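Structure assessment
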Amino acid sequence: MKDFAKRVKDIEVSLIRYMPVLASKVPDAVSLGQGIPSFELPEYIRKKLIEALRSQKDINKYSLEPGLPILKEEIVKYLERTTAAKVNPEKEICITKGAIGGLFCTISTLVERKDEVILLTPAYEPHIEQVKFAEGKPVFIPLIESEGWKPDFEVINSAITKRTKATIICDPSNPTGSIFEKEDLEKIAELAQENDLFIITDETYDFLTYDNKKHFSLLSLPGIRDRLIACFSFSKKYALTGFRVGYIIAPEKILNEILKVHDESTICAPTPSQYAALFALTGPQDYIEKFKEEFRKRRELICQRLDRLKDLFEYQKPMGAYYVFPKIKLKMKSLEFSKKLLYEAGVITIPGIAFGPSGEGHIRLSFAGEEKEINTAFDRIEKFWQKL
Ligand SMILES: Cc1ncc(COP(=O)(O)O)c(C=O)c1O
């Protein structure tokens, strides 16, 4: 048989998905692995969607490729309220199959063989693999852990070459739970302008920050908009992970190219999901505060439980999203440690190496699950640690 495409063979199997597969053979494993909010579909969305399935004649059909016009218009209004950005709903937005679909189309459009893409690491694993799939070269620039995962501008500056095409900013961050300061984002924008780079933002957790910190979107900087592709998601904020709907905002010239890839790979985001997103955006928002309150409590809980394991873990308190990325105080590779936790303690975690070289020696813990899951997982980790 002839060989598979090298660009596919070069991609690693996602450890975020591999660990749950291993865990499916471990009876009663409890998960701090994948970041799936535990909440059920909000009742309002459920009700409106059922009505729409009965009444909307076109709900079973493809929508226009860039998305339902009404949804695009509502998103544009929402972004104007939250970021002050003016977005043309006809020319600058595409509804995608989740943020991941938007990222995939964007990276495939911008990155080609040997292009370098600056990834501030630990980086969200699909950013790395999607750059590799586009035959680009991820350039890993470690964030400064002891300073709450802050970018190191000297190192970033010295890593920029003629081949650098883009940088990807994940804010709030999966896997570290850190958020970038506005001033740092402005510096990144300046660097991009000076060096003619595209900026791709992944703002999946834009709504989820803690301690009165606010997410700053680069969409708020008009001067950067001609080189900015911002990717958003409905998955986490509205508990719609399975619906697969997100969107990208990009200047018309770039979006027209991205749309070619979107059409060939997707045709359109699922129409019923676009309706769900519309109801999510235009309906009552009170449950989002409740979700956030839950995440706040879970963050406190997971930090308290980590504090009881100071000999094993050292961590930075998350300021956004629902992940914490503790350093393991053992001489053990992160994959080996995660496997040990799975097989000896029955706890699913994601090895830090999934997020680039500087993720080694860490594990990612998600606190998207319920408090009782977090407690069970940590009871087990404590027992495991006592034995060790
Ligand atoms: C940073 C980040 N980007 C993108 C995604 C995928 O989002 P979506 O469900 O919208 O594709 C996730 C999911 O965990 C994520 O954490």
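What comes next concerns the included structure. Treat the numbers as computed from the prediction; the structure is a model and nothing was measured. What you see as residue numbers is a count from 1 along each chain, following the sequence as written. Local features in a predicted model are, by the rule used here, given only for residues with pLDDT of at least 70; side-chain atom pairs are given and counted only at 80 or more, and totals for whole chains, interfaces and linings are based on all residues. Side-chain metrics rest on all non-hydrogen atoms present in the structure, leaving aside hydrogens and water.

1. Concerning empty space enclosed by the protein
Threshold: A cavity here means a set of points on a 1 Å grid, drawn over the protein atoms and nothing else, where a 1.4 Å probe fits but cannot get out; a pocket is an open set with protein on both sides within 12 Å along at least five of seven lines, and a residue lines either one if it has an atom within 4 Å of a point. Grid points are joined across faces, edges and corners, and a volume is the space filled by probe spheres set on the points. The secondary structure listing takes helices from DSSP runs of H or I that are at least 4 residues long and strands from runs of E that are at least 2 residues long, numbered from the N terminus. Each residue is assigned to one of three groups, with Ala, Val, Leu, Ile, Met, Phe, Trp, Tyr, Cys and Pro labelled nonpolar, Asp, Glu, Lys and Arg labelled charged, and all others, Gly among them, labelled polar.
Enumeration over the complete set of coordinates arrives at four cavities of 30 Å³ or more. Reported here for the largest cavity is a volume of approximately 90 Å³. With three residues, the top contributor of residues to the lining of the largest cavity is strand β5 (residues 164-170). Taken together, the residues of the lining of the largest cavity break down into nine nonpolar, three polar and no charged.

2. Description of the site of the ligand
Stated precisely, the cut-off is as follows: Any residue with a non-hydrogen atom lying within 4 Å of a molecule or strand is treated as near it. In protein, a polar contact means a hydrogen-donor-capable atom and an acceptor-capable atom, both N or O and within 3.5 Å, with residues adjacent in sequence counting only if both atoms are side-chain atoms; elsewhere, any N or O pair within 3.5 Å suffices. With residues, only the protein chains shown are counted as cover, and all accessible areas are computed by Shrake-Rupley using a 1.4 Å probe.
Around the ligand, a shell composed of 14 residues is seen, among which Ala99, Asp202, Ser233, Ser235 and Lys236 lie nearest. Within the side chain of Thr204, one N or O atom sits 3.2 Å away from a nitrogen atom of the ligand. Interatomic distance of 2.6 Å between a side-chain N/O atom of Ser235 and an oxygen atom of the ligand. Here the ligand loses 92% of its free accessible area of 400 Å² to cover by the protein chains. It is helix α5 (residues 98-110) that contributes the most residues to the shell around the ligand, three residues altogether. Taken together, the residues that form the shell around the ligand break down as six nonpolar, five polar and three charged.

3. Describing the packing of aromatic side chains
Convention followed: Classification of ring pairs uses Phe, Tyr and Trp, with its six-membered ring standing for Trp, and accepts pairs whose centres are within 6.5 Å; under 30 degrees between planes counts as stacked, over 60 as edge-to-face, and the remaining range as tilted. Only protein chains enter the accessibility calculation, which uses a 1.4 Å probe; a residue is then buried when its area is under 20% of its type maximum, exposed when over 50%, and partly exposed in between.
Inspection of every chain in the model, using the stated rule, returns 17 aromatic pairs. Centroid distance Tyr210 to Phe367: 6.5 Å. Interplanar angle 40°. Geometry classified as tilted. On the criterion of sequence distance, the pair formed by Tyr210 in the loop between β6 (198-202) and β7 (228-233) and Phe367 in the loop between β14 (363-366) and α13 (371-387) is long-range, its members being 157 residues apart. For the ring pair Phe337 and Phe384, a centre distance of 6.3 Å and an interplane angle of 65° mean the geometry is edge-to-face. Residue Phe337 is located in helix α12 (residues 334-345), and its partner Phe384 is located in helix α13; the two are separated by 47 residues in the primary sequence. Residue class for Phe337 comes out buried when judged on its relative accessible area of 0%. Look at Phe384 and you get buried, because its relative accessible area is 5%. Put simply, the rings of Phe39, Tyr205, Tyr287, Phe291, Phe295, Tyr322 and Tyr323 touch in pairs and so form one group of aromatic residues.

4. Description of the sheet that holds strand β4 (residues 137-142)
Neighbouring strands of a sheet are bound in pairs by backbone hydrogen bonds; such pairs are parallel or else antiparallel. What counts is decided by this rule: When DSSP finds two or more bridges between two strands, those strands count as paired. Interaxial angle, 0 to 180 degrees, is taken between N-to-C directions of lines fitted to C-alpha atoms, where a helix line uses only the stretch in contact.
One open sheet holds the seven strands; their spatial order is β2-β8-β7-β6-β5-β3-β4, and the pairing between them is mixed. Each edge of the open sheet is held by one strand with a lone partner, namely β2 (93-96) and β4. Across the sheet, the mean angle from the axis of one strand to that of its neighbour is 20°, orientation sign disregarded. The pairing of β7 with strand β8 (residues 246-249) spans four bridges and is classified as antiparallel.

5. Some details on the nonpolar core
So the rule is basically this: We call a set of buried residues a nonpolar core when its members are Ala, Val, Leu, Ile, Met, Phe, Trp, Tyr or Cys and they connect through side-chain atoms within 4.5 Å of each other.
Core analysis: the largest hydrophobic core is formed by 108 residues, its most contacted members being Phe234 and Tyr247. In terms of residue count, the dominant contributor to this core is helix α11 (residues 286-307) (eight residues). Residues Ala123, Val131, Ile200 and Leu259 belong to the second largest nonpolar core, which totals 23 residues.

6. Here we look at the pairing of β5
So the rule is basically this: Viewed with both strands pointing away, a crossover whose connecting path from the first strand over the helix to the second turns clockwise is right-handed.
In terms of residue burial, β5 counts as a mostly covered element, since six of its seven residues are buried. When β5 meets β6, the two strands line up parallel, connected through five bridges. Bridging from a neighbouring strand, Cys170 pairs with Asp202 of β6. Between the parallel elements β5 and β6, the chain passes through helix α8 (residues 182-195) in a crossover that is right-handed.

7. So, unusual backbone geometry
Looking along the chain, the bond that leaves Thr121 and enters Pro122 is cis, with omega of 5°. On the secondary structure map, Pro122 appears in the loop between β3 (116-121) and α6 (125-133). A cis amide bond links Asp171 to the next residue, Pro172, at an omega of -10°. One non-glycine residue with positive phi stands out, namely Asp211, at about 50°. Within the secondary structure, Asp211 sits in the loop between β6 and β7. Residue classification places Asp211 among the partly exposed positions, given a relative accessible area of 46%.

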